[in-house]
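# Structure assessment
Each chain, letter by letter, is given below.
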Amino acid sequence: MIAEILEDAKLHMDSSVEHTREELVTIRTGRANPNMFNGLVAEFYGQLTPVPQMATISTPEPRMMIIKPYDPSSMDAIENAIRNSDLGVNPTNDGQVLRVTIPQLTEERRKEMVKLAKSKGEDGKIAIRNIRRKGMDQLKKLQKDGDAGEDEVKAAEGELDKITGTFVSKVDDVVAAKEKELMEV
C-alpha cells in the first residue's frame, strides 16, 4: 500500500512537471516556435478549434512562421485568433498562407516574460507540494488505521520528501532553461 502511494505521487508529480513544461513553451521568445500557438483557438464551423489542428505551421526562418490552413475558408478565423491573442504578433495574409514575423523582444519585455515563466514554475511547484501533502495524509491514514507501522510510515514520508525535492528541482531546471532562452539576444 505504501509503495502504491509513493508511485501515485511520482506519477502525479511527473505530470505536473510536464504541464509546467507545456505552459512555458507557450511563452514567446524572440524566435519562431510553432508551439506558441498550442493554446490558441479559432472559431471554425461554430466550434472553437485549436489552431494547430486547423493548419500546418512551419518555420522557414528563425524569426518567421508560415501558417497554411487545411481549409482556405478558415484563413480569416485563424488570422483573427492570432491578432486578438496576447502573443504580440501580427500576421500578414497573402491569400494562400499567413506569415507571422516574430519581433525582437525588448529588454523590458524579456524581463516580463521571465517573471511570467517564474510564476508558471511556482504554480508547478505548488502543485507538486499539494501532491506531497495528499501523499502524507494518505500515509498518516494508513498508520492511524493500523495498516502500517510507525517506522514504515516515517521511512515512507522521508522517501516522499526526497521524491518531492527531485521533482521541484526538475521544475526549477525547466524554468532556468526558459529564462536563459528568453534572455538570449
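Relevant structure appears above.
In what follows, the accompanying structure is described. The shown structure was predicted, so the numbers you read here are calculated from the model rather than taken from an experiment.

The next thing to look at is the packing of helix 1 (residues 2–25) against helix 5 (residues 150–183). Viewed as axis vectors pointing N to C, helix 1 and helix 5 meet at an angle of 10 degrees, and their least axial separation amounts to 10 Å. It follows from the interaxial angle that helix 1 and helix 5 lie roughly parallel. Here the contact of helix 1 with helix 5 is built from residues that sort into 15 nonpolar, 2 polar and 7 charged.

Here the focus is the environment of Ile-82. The topology assignment puts Ile-82 in helix 3 (residues 75–83). The spacing of Ile-82 and Val-100 is 18 residues in sequence and 9.2 Å in space, taken between C-alpha atoms. Beyond its immediate sequence surroundings of up to four residues, Ile-82 is in contact with Phe-37, Leu-40, Ile-67, Val-89, Pro-91, Leu-98 and Val-100.

Okay, the nonpolar core next. Ile-2, Met-13, Ile-128, Leu-139, Leu-160 and Leu-182 are the most contacted members of the largest nonpolar core, which has 28 residues in total. Secondary-structure elements contributing two or more residues to this core are helix 1, helix 4 (107–145) and helix 5. If you tally residues by element for this core, the top one is helix 5, at 10 residues. Here Leu-160 is in contact with Leu-6, Ala-9, Met-13, Arg-132, Gly-135, Met-136 and Leu-139, once residues within four sequence places are set aside. Formed by 19 residues, the second largest nonpolar core is a distinct cluster that contains Phe-37, Ala-55, Ala-81 and Ile-82.

The rules we used
Every chain begins its residue count from 1, and numbering advances along the sequence as written. pLDDT decides what is reported in this predicted model: residues at 70 or higher carry local features, side-chain atom pairs at 80 or more are listed and counted, and totals for whole chains, interfaces and linings draw on all residues regardless. Note that water and hydrogens are dropped before the side-chain values are worked out from all heavy atoms of the structure. Helix axes use the C-alpha atoms of the stretch in contact, all axes being lines fitted to C-alpha atoms, and the angles between their N-to-C directions lie in the range 0 to 180 degrees. Helix and strand assignments follow DSSP, with helices taken as H or I runs no shorter than four residues and strands as E runs no shorter than two, numbered in order from the N terminus. To sort the angles, those under 35 degrees are grouped as roughly parallel, those over 145 as roughly antiparallel, those from 65 to 115 as roughly perpendicular, and the leftovers as oblique. Three classes are used, and their members are as follows: Ala, Val, Leu, Ile, Met, Phe, Trp, Tyr, Cys and Pro are nonpolar, Asp, Glu, Lys and Arg are charged, and the others, Gly among them, are polar. The contact definition used throughout considers only heavy atoms, calling two residues in contact when any of these lie within 4.5 Å. By nonpolar core we mean a set of buried residues, namely Ala, Val, Leu, Ile, Met, Phe, Trp, Tyr and Cys, connected to one another through side-chain atoms within 4.5 Å. Here's how the labels work: a residue is buried when its accessible area is under 20% of the maximum for its type, exposed when over 50%, partly exposed in between, all with a 1.4 Å probe on protein chains only.

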